[in-house]
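Each chain, letter by letter, is given below.
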Amino acid sequence: MRHGRVDTIAPRAAGKSFICVLALILISIFRPGSHQFMCSPGKQQSVKIASAKIQQIFELLPLLKREVLIEKKSNDYYTLIFRNTSILDILTPLNSTRGNRANCGILDEYRDHKAEDINEIILPLLNVDRPMKNQDYNEYEPQQVQFWISSASDKNTYCYDKTVEFFEDSIINPTKTFCWGFDFRVPVSAGLLSKDFLTELKLSGTFNELGFAKEYMSRFVGSSNDAWFDYEKLLSCRHLVNPESHAKFRDDIESFYVIAVDIARLKCQTVATVLKVFPRRDSPWKVNLVNLFVLGKTESEKVFDKQVIELKKLIELFCPKEVVIDINGLILAPLCRNI
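Residues numbered from 1 in each chain as written. Predicted model: local features only at pLDDT ≥ 70, side-chain atom pairs only at ≥ 80, totals over all residues. Heavy atoms only, no water.

Engineer: Outline empty space enclosed by the protein, listing residues and values.
Structural biologist: The tally for this structure, following the rule as stated, stands at one cavity of 30 Å³ or more. As a volume, the largest cavity reaches approximately 30 Å³. As for the largest cavity, its lining consists of Ile27, Arg31, Ser34, Gln36, Asn103, Arg130, Glu141, Pro142, Gln143 and Val145. Classifying every residue of the lining of the largest cavity by side-chain character gives three nonpolar, four polar and three charged. (1 Å grid on protein atoms, 1.4 Å probe; cavity = no way out; pocket = protein on both sides within 12 Å on 5 of 7 lines; lining within 4 Å. Points joined across faces, edges and corners; volume = space filled by probe spheres on them. Nonpolar A, V, L, I, M, F, W, Y, C, P; charged D, E, K, R; others polar.)

Have a look at this one:
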């Protein structure tokens, strides 16, 4: 509330909307005659999110509800009028919103907003400064206050460019702009997000690493226009073509298999990489990656015993010439001993 620009990048269920709505209510109370708004990508989405957060705040802090004089609510709009004549509106980036004026606003999930809607409809709402009751302006009061909140997105998007802009401005002008963020560990520690739920997501067969990085790790993924390589093109190459599930030998071609196993610590994934080697006399040997296997998809106490069994099955299937195992610490030594 002490800054004119605040950018928040946080995961799902982190309470970012709750914090910003609480800030709007307090600003409405502390700054008489002010006009605040919250804007989400969809009209009903704005009303639904704001209504839920406001009611939750009023249940936790009933004293704040006593400052509200009139509450107008429907499926399409939600408005609070305070005793000091301040107004809190729920808006949407539609043409009907043009011409309104406000002093402070939340741009919720701005990664899903269209850049032209933000620049041409939402931000122009904040053109006018807020005068005090005597019509003077408080030089210590932030004007055109903007709360930008969102989860992370791809790098080649408006959301990423805006976040970089805020980050640079927070270094140049730290009294005006504040940029911050965190990943899933904060809501998990606070009890807002289930650790077991995240574990199930990671162990799911349809687990999407990039989606998890954006939604829960607060990491911007993909490539920017200034990148040295095309990330999407690189990602399209990260697929095994004709993977082998067992040993395949040809009489006319000499070859053998090597299995490399990267042993992970607790709550991480152990990966077995199957390589097919083609020896050559007059040139470097050719090595093909033919498959990848995740061993022991479980968090039980006997996770290493299960990995040993699955690795033995791979050895039986491929009959490798060598099995190279990367061990981290003495705690994992029993794995090799069992093999």
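Engineer: Give me the nonpolar core: which residues, what numbers.
Structural biologist: Residues Ile25, Leu80, Ile106 and Phe147 are the most contacted members of the largest nonpolar core, which totals 26 residues. When residues in this core are grouped by element, the largest group, seven residues, is from helix H1 (residues 16-30). Each residue touching isoleucine 25, except ones within four places of it in the same chain, is listed here: Ile54, Ile57, Phe58, Leu64, Phe82 and Leu88. Core analysis: the next-biggest nonpolar cluster, separate from the first, contains 17 residues, Ile9, Leu125, Trp148 and Ala152 among them. (Core = buried A, V, L, I, M, F, W, Y, C linked by side-chain atoms within 4.5 Å. Buried < 20%, exposed > 50% of the residue type's maximum accessible area, 1.4 Å probe, protein only. Helix = DSSP H or I, 4+ residues; strand = E, 2+ residues; numbered from the N terminus. Contact = heavy atoms within 4.5 Å.)

Engineer: Break down the sheet that holds strand S11 (residues 286-295) for me, with residues and values.
Structural biologist: Reading across from one edge, S11-S10-S9-S12 is the order of the four strands in this open sheet, with mixed pairing throughout. Where the open sheet ends on each side, the last strands, each with one partner, are S11 and strand S12 (322-326). Strand after strand, the sheet turns through a mean of 20° between neighbouring axes, direction not considered. Judged from the seven bridges that link them, strand S9 (residues 256-262) and strand S10 (residues 270-278) form a sheet pairing that is antiparallel. Its bridge partner lying in S10, valine 261 is registered against alanine 272. Across the sheet, helix H10 (residues 303-318) lies against S9, S10, S11 and S12, angled at about 145° from S11, the strand it touches most. (Pairing = 2+ DSSP bridges. Axes fitted to C-alpha atoms, helices over the stretch in contact; angles between N-to-C directions.)

Engineer: Residues and numbers for the packing of aromatic side chains, please.
Structural biologist: The full count for this structure, using the stated rule, is 11 aromatic pairs. An angle of 65° between the planes, with centres 5.4 Å apart, marks the rings of tyrosine 160 and phenylalanine 220 as edge-to-face. Of the two residues, tyrosine 160 is situated in helix H5 (residues 158-172) and phenylalanine 220 in the loop between helix H8 (209-215) and helix H9 (231-236); the sequence distance between them amounts to 60 residues. For phenylalanine 220, a relative accessible area of 18% translates into the label buried. Above the face of the phenylalanine 278 ring, lysine 286 is positioned so that its terminal group lies 5.9 Å from the ring centre. The side chain of lysine 321 reaches across the aromatic face of phenylalanine 256, ending 4.6 Å from its centre. (Phe/Tyr/Trp six-rings, centres within 6.5 Å; stacked < 30°, edge-to-face > 60°. Lys NZ or Arg CZ within 6 Å of the ring centre and 35° of its normal.)

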